[in-house]
Amino acid sequence: MAGSVNKVILIGNLGSDPEVRYLESGSAVAKFNIATTETYTNKNGERVDNTEWHRIELWEGLAKVAEKYLKKGNQVYIEGRIRTDTWTDKEGQQRTGVTIRANSMTLLGGPSGGGQGGDYSQSGQQGGYQQSGNAPRGNNAPRPSDPIPPSMAAGNNDDDDLPF
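Bear in mind the structure is a predicted one, so any value in this text is a computation, not a measurement.

**Overview of the overall build of the chain**
Right, so step 1: Secondary structure summary: the chain contains one helix and eight strands in total.
Right, so step 2: Along its sequence from the N terminus, the chain presents helices and strands in the succession β-β-β-β-α-β-β-β-β.
Right, so step 3: Expressed as a percentage of its 164 residues, the buried residues of the chain come to 32%.
Right, so step 4: Long-range contacts, defined as pairs at least 24 residues apart, comprise 54% of the intrachain contacts of the chain with a sequence gap of at least 6.

**Focus on the nonpolar core**
Right, so step 1: F32, I56, L58, I78 and M105 are the most contacted members of the largest nonpolar core, which has 20 residues in total.
Right, so step 2: At the level of secondary structure, the elements contributing two or more residues to this core comprise β1 (8-14), β3 (28-41), β4 (47-59), α1 (60-69), β5 (75-88) and β6 (94-109).

**A short note on the pattern of salt bridges**
Right, so step 1: For the structure shown, the criterion picks out five salt bridges.
Right, so step 2: For D49, the salt bridge is made with R47, and the minimal N-O distance between the two is 3.5 Å.
Right, so step 3: Among the residues examined, R47 registers a relative accessible area of 64% and is labelled exposed.
Right, so step 4: Within the structure, one salt-bridge network assembled from shared partners comprises K31, E57 and R101.

**Describing unusual backbone geometry**
Right, so step 1: One non-glycine residue, E60, lies in positive phi territory at about 55 degrees.
Right, so step 2: The exposure class of E60 is buried, given its relative accessible area of 13%.

**Brief notes about the environment of Y40**
Right, so step 1: Tracing the backbone through its elements, the reader meets Y40 in strand β3.
Right, so step 2: Sequence spacing of Y40 and N50 is 10 residues, and the spatial spacing of their C-alpha atoms is 8.4 Å.
Right, so step 3: Setting aside residues no more than four positions away along its own chain, Y40 makes contact with E46, R47 and V48.

**Examining the confidence of the model for the chain**
Right, so step 1: Residues with a pLDDT of 70 or more make up 65% of the chain, whose mean pLDDT is 77.
Right, so step 2: Confidence drops under pLDDT 50 across residues 110-115; counting only partners more than four residues distant or on other chains, this segment forms six contacts.
Right, so step 3: Predicted confidence for residues 123-159 stays below pLDDT 50, and this span has 43 contacts to residues more than four positions away or in other chains.

**Describing the environment of V29**
Right, so step 1: Along the chain, the position of V29 falls in strand β3.
Right, so step 2: Overall, V29 belongs to the buried group, its relative accessible area being 1%.

**A closer look at the pairing of β4**
Right, so step 1: In the sheet, β3 pairs with β4 via 13 bridges, with the strands oriented antiparallel. Paired with T39 across the strands is D49, a residue of β4.
Right, so step 2: In this antiparallel pair of consecutive strands, β3 and β4, the connection spans five residues, and G45 shows a positive phi of 80 degrees.

**Let's talk about the environment of K68**
Right, so step 1: As for its position among the elements, K68 is in helix α1.
Right, so step 2: The exposure class of K68 is exposed, given its relative accessible area of 60%.

**Digging into the side chain of S27**
Right, so step 1: Counting through the fold element by element, S27 comes out in the loop between β2 (19-22) and β3.
Right, so step 2: A relative accessible area of 9% places S27 in the buried class.
Right, so step 3: Polar side-chain contacts of S27 include one of 3.2 Å to the side chain of S25.
Right, so step 4: Within the structure, S27 has its side chain in polar contact with the side chain of E60 (distance 2.8 Å).

So, how was this worked out
Residues numbered from 1 in each chain as written. Predicted model: local features only at pLDDT ≥ 70, side-chain atom pairs only at ≥ 80, totals over all residues. Heavy atoms only, no water. Helix = DSSP H or I, 4+ residues; strand = E, 2+ residues; numbered from the N terminus. Buried < 20%, exposed > 50% of the residue type's maximum accessible area, 1.4 Å probe, protein only. Contact = heavy atoms within 4.5 Å. Core = buried A, V, L, I, M, F, W, Y, C linked by side-chain atoms within 4.5 Å. Salt bridge = Lys/Arg side-chain N within 4 Å of Asp/Glu carboxyl O. pLDDT = per-residue confidence, 0-100. Pairing = 2+ DSSP bridges. Polar contact = N/O pair within 3.5 Å; in protein donor to acceptor, adjacent residues only side chain to side chain.

Next comes the structure, spelled out in structure tokens:
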């Protein structure tokens, strides 16, 4: 098998409003952190929450959408790729950080479900983005026009296709 895959999918909540800046070239860049939380019960029966923070970077049209619609606490679905950056800090120390460069974003609504949803992805055009669907959605529910996969069709209990 030739090639490789670098793909990240995250659903999390913004820890702060996006920081948007415009480069001299006019390109927009938005940066923000999202938190994802894994919850489990430990061997003592106690509930444990493990929160991870992810640095997200959006460019061009997606950055402009983030600037307009995203606020602290909003839930967002992000698809992108992992990028590792290396730099030298003020003290001369070599630093490394991981950033998720998003190429697709779905607004899932605010913490109380009151936000406007919508699917956005980076297009091939510079500065462009496209919104999928006819209207913003507040969740990941399929659209009525989306086909139902055979594995999810009613009455399909064929366990022989399971890989385990």
